[in-house]
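Structural description and commentary
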Amino acid sequence: MPNTFFGLSISTSGLYAASAGLNTTSHNISNARTEGYSRQLIYAKADDALRVYQQYGTIGSGVNVYQIKQVRDEYYDVKYRQTSEKLSENTTKRYYMYQIENFFNEMEVDGFTEEYDSMFNALHDLKDHAEDMNYRDAAVNKFASMLDYFASISTNLTRTQNEANLEVSNQVDRINVIARSVATLNKQINSIELNGGYANDLRDQRALLLDELSEIVPIETSEIPKGNGANDFRVTINGQALVSEYDYYSLKVVTREDSINSVDLPGLYDIEWDFGDSFHPQALSGGSLKALFDIRDGNGNKAETYTYVDENGVQQTGTREAVDYKGIPYYINKINSFVDTMCKEFNKIQAKGQDLYGNSGADNPIFVTSDGSDTFQAKTAQVNKAMSEDPSLLVTTANIKEGVAGDELIDEMLALKEAKLFQNGSSKYYLQSIVGEISIDCERSSTLEENYNTIRGTVQNQRLSVSGVDEDEEAMNIMKYQEMYELSSKMISTMQAIYNKLINETGV
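I will try to describe carefully the structure that is included in this document.

Conventions we followed
- Residues numbered from 1 in each chain as written.
- Predicted model: local features only at pLDDT ≥ 70, side-chain atom pairs only at ≥ 80, totals over all residues.
- Heavy atoms only, no water.
- Helix = DSSP H or I, 4+ residues; strand = E, 2+ residues; numbered from the N terminus.
- Contact = heavy atoms within 4.5 Å.
- Expected span 1.5 Å × (residues − 1).
- Buried < 20%, exposed > 50% of the residue type's maximum accessible area, 1.4 Å probe, protein only.
- Polar contact = N/O pair within 3.5 Å; in protein donor to acceptor, adjacent residues only side chain to side chain.
- Salt bridge = Lys/Arg side-chain N within 4 Å of Asp/Glu carboxyl O.
- Pairing = 2+ DSSP bridges.
- Core = buried A, V, L, I, M, F, W, Y, C linked by side-chain atoms within 4.5 Å.
- Patch = residues over 30% accessible without salt bridge, like charges linked within 9 Å, V, L, I, M, F, W, Y side chains within 5 Å.
- Areas by Shrake-Rupley, 256 points an atom, 1.4 Å probe, with all protein chains shown as cover.
- Axes fitted to C-alpha atoms, helices over the stretch in contact; angles between N-to-C directions.
- Parallel < 35°, antiparallel > 145°, perpendicular 65-115°, else oblique.
- Left-handed = near helix turned anticlockwise from the far one by under 90°.
- Nonpolar A, V, L, I, M, F, W, Y, C, P; charged D, E, K, R; others polar.
- Phe/Tyr/Trp six-rings, centres within 6.5 Å; stacked < 30°, edge-to-face > 60°.
- Lys NZ or Arg CZ within 6 Å of the ring centre and 35° of its normal.

1. With respect to the side chain of T369
- Along the chain, the position of T369 falls in strand 13 (residues 367-369).
- In this structure T369 touches T375, F376 and T380, once residues within four positions along its chain are discounted.

Next comes the structure, spelled out in structure tokens:
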């Protein structure tokens, strides 16, 4: 049979429950604008009934708040992170592709069009003044100016490749920081939940870190109960554990030994796990890290072949890696292909004629390479120094004995402007097609970024509809728990009056 003061105990449990509800509501309202916060609810049940030796058998013993737990839907977390990886990938690609587009857009304004036309205008002027050294000098200078323009584009692209490479290192560092923080939070969460609580705010912190991590690399998470309230929480990337309960595994950048593209900067980074296994960013389904590798290494899925000498001294042929994205190497190769073709075509015409000294033009080509190779690239092609110092070496006719004013070879040079040297198109068409490709890639990245941003916003709204703080709902909770508190207090006051009557006035 309950003691005489059992009513006070019941009312006190109501006070405690109302107080817990008010405190939880206050916590929700305070964090209504806190990023990553999930609203919390109190879970209460009637306390165990007390058996009494009366006809009614048992009597209620009050209320028991057995848990305060966050409201969160794992399904929306997974959808949000899957969308984030795609959004981040396209945001990163859009950022770098717009830089590349800006380099090439100058062609249409004061870049290629002006330089290209100026070079052929100088040749046109030389046609009627083949014997005039001033016109010859002007033509040679325009050749040099044209090469300088393409060299500047190549340099800008290389700088952007270096920027992307440095960002790879920054992203790897951030992954490691997040992995370490998640492992630490796992330990803190388990230490609380082993004692029967629920680490709501720590779980929110962990979820926010995982949201950030999903923007860098695609992740999978799992939480396996171990008993006694503890859980084994794991994070994996492509099936490889990044975090396993209290342990985490770091990534590191290492200098690449073999270049994927011949135009690559030396010292580009690859990624490895700290225990030695390789990490393959191209196998990732999304994320900013994959985008950086696509931009930095992308060669349009065109693997280069190269020759090398094996350990037996035999020359062999190898194939580099194909990266299925039109990144910086792809566009550098496009520029190099243009420069190589134009330089060789001009040199062919130069080789047909004689300079003002009667020497063969083949002995002094217009264009040479700074590294002595037979392939002209934007960074290595330059005007023959001897010709720059003495424009007399530029040929205009096949036979100087017929007169220094001969200009038939200039006509051949002028014909190169509209000649179909590039995929059955002129040089202008070829370069405009490059600009068109870049524009398509930029538009695609921008469109996908916008689409995934919209999708993620929708998923986030759905997630907030479950876990977000609704201020109107919290206001109703304040009134509900306030009324509950006041009624429990009123009950205690009533019980106090009854006990006063019973103890102090009965039998007097």
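Now, onward.
2. Let's talk about helix 11 (residues 471-505)
- Taking 1.5 Å per residue, 35 residues should reach 51 Å; helix 11 reaches 49 Å between its end C-alpha atoms and fits that length.
- Taken residue by residue, helix 11 has E474, N477, Y481, S488, M495 and Y499 as its buried positions.
- On its buried side, helix 11 packs onto helix 1 (6-30) and strand 1 (40-46).
- Measuring from the backbone nitrogen of D472 back to the side-chain oxygen at the start of helix 11 gives 2.9 Å, which picks out D470 as the cap.

3. Focus: the pattern of salt bridges
- Under the definition given, this model contains 31 salt bridges.
- With a shortest N-O distance of 3.4 Å, E473 and R39 are connected by a salt bridge. Residue E473 is located in helix 11, and its partner R39 is located in the loop between helix 1 and strand 1; the two are separated by 434 residues in the primary sequence.
- Several salt bridges converge on common partners, so that one network encompasses R72, D77, R81, D204, D211 and R463.

4. A few points about the pairing of strand 5 (residues 220-227)
- Where strand 5 lies against strand 6 (residues 230-237), seven bridges are found, and the strand directions are antiparallel. Within strand 6, the residue paired with S222 across the bridge is R234.
- Two successive antiparallel strands, strand 5 and strand 6, enclose a turn made up of two residues, where N228 displays a positive phi of approximately 60°.

5. Remarks on the sheet that holds strand 7 (residues 240-244)
- Strand order in the open sheet formed by four strands is 5-6-7-8, and the pairing between neighbours is antiparallel. In the strand order of this sheet, the two ends are held by strand 5 and strand 8 (247-248), each with one partner.
- Relative to strand 7, strand 6 runs antiparallel, the two sharing four bridges. When the bridges of strand 7 are listed, V235 appears paired with V243.

6. Overview of the nonpolar core
- Counting 86 residues, the largest nonpolar core has F104, V217, F338, V339 and F346 as the members making the most contacts within it.
- At 19 residues, the largest contribution of residues to this core is made by helix 4 (residues 133-193).
- What F104 contacts, discounting residues up to four positions off in sequence, is I153, L157, Y331, I335, I434, V435 and I438.

7. Observations concerning a nonpolar patch on the surface
- Taken together, the side chains of F5, L502 and I503 define a hydrophobic patch exposed on the protein surface, amounting to about 290 Å² of accessible area.
- Mapped onto the elements of the fold, L502 is located in helix 11.

8. Describing the packing of helix 1 against helix 11
- The interhelical angle for the contact between helix 1 and helix 11, taken along N-to-C directions, is 160°, at an axis separation of 8 Å. The orientation of helix 1 relative to helix 11 falls into the category roughly antiparallel. Crossing hand, helix 1 versus helix 11: left-handed.
- When its residues are assigned to classes, the contact of helix 1 with helix 11 shows 15 nonpolar, 12 polar and one charged.

9. Remarks on the environment of L356
- Assignment of secondary structure puts L356 in the loop between helix 7 (328-352) and strand 13.
- For L356, a relative accessible area of 24% gives the class partly exposed.
- For the pair L356 and L393, spaced 37 residues apart in the sequence, the C-alpha separation amounts to 6.5 Å.
- L356 has contacts with M133, R136, S392, I400 and V404, leaving out every residue within four places of it along the chain.

10. Quick word on the packing of helix 4 against helix 6 (residues 288-297)
- One way to put it is that helix 4 packs onto helix 6 with a least axis distance of 9 Å and a crossing angle of 160°. The angle between the axes of helix 4 and helix 6 places the two elements in the roughly antiparallel class. As for the relative orientation of helix 4 and helix 6, their crossing is left-handed in sense. On the side of helix 4, the interface is formed by Q161, A164, N165, E167, V168, Q171 and I175, while helix 6 contributes S288, L289, L292, F293 and R296.
- Considered class by class, the residues forming the contact of helix 4 with helix 6 number six nonpolar, four polar and two charged.

11. Some words on the pairing of strand 6
- Across the eight residues that make up strand 6, a large majority, seven, are buried.
- Linking strand 6 to strand 7, which pair antiparallel, is a turn of two residues; within it N238 sits at a positive phi near 55°.

12. Structural notes on the packing of aromatic side chains
- On inspection of all chains with the given rule, the structure shows 17 aromatic pairs.
- Note on W273 and F279: the rings are 5.9 Å apart at their centroids and 70° apart in plane angle, and the pair reads as edge-to-face.
- Judged by its relative accessible area of 2%, W273 is buried.
- Taking 5.3 Å as the distance between ring centres and 20° as the angle between the ring planes, the aromatic pair formed by F338 and F422 counts as stacked. Placement of the pair is F338 in helix 7 and F422 in the loop between helix 9 (408-415) and helix 10 (427-467), with a sequence separation of 84 residues.
- By relative accessible area, which is 2% here, F338 ends up buried.
- For F422, a relative accessible area of 4% gives the class buried.
- The rings of Y116, F120, F143, F346 and F367 are connected pair by pair, giving a single aromatic cluster.
- The ring centre of Y66 lies 5.6 Å from the NZ or CZ of K45, which sits over that ring.
- In this structure, R206 packs its charged tip against the face of F233, placed 3.8 Å from the ring centre.

13. Topic: the environment of Q462
- Mapped onto the secondary structure, Q462 falls in helix 10.
- Accessibility expressed as a relative area gives 34% for Q462, which makes it partly exposed.
- A sequence separation of 97 residues divides Q462 from P365, and the C-alpha atoms of the two residues are 68 Å apart.

These values are about where atoms sit, not about what they do.
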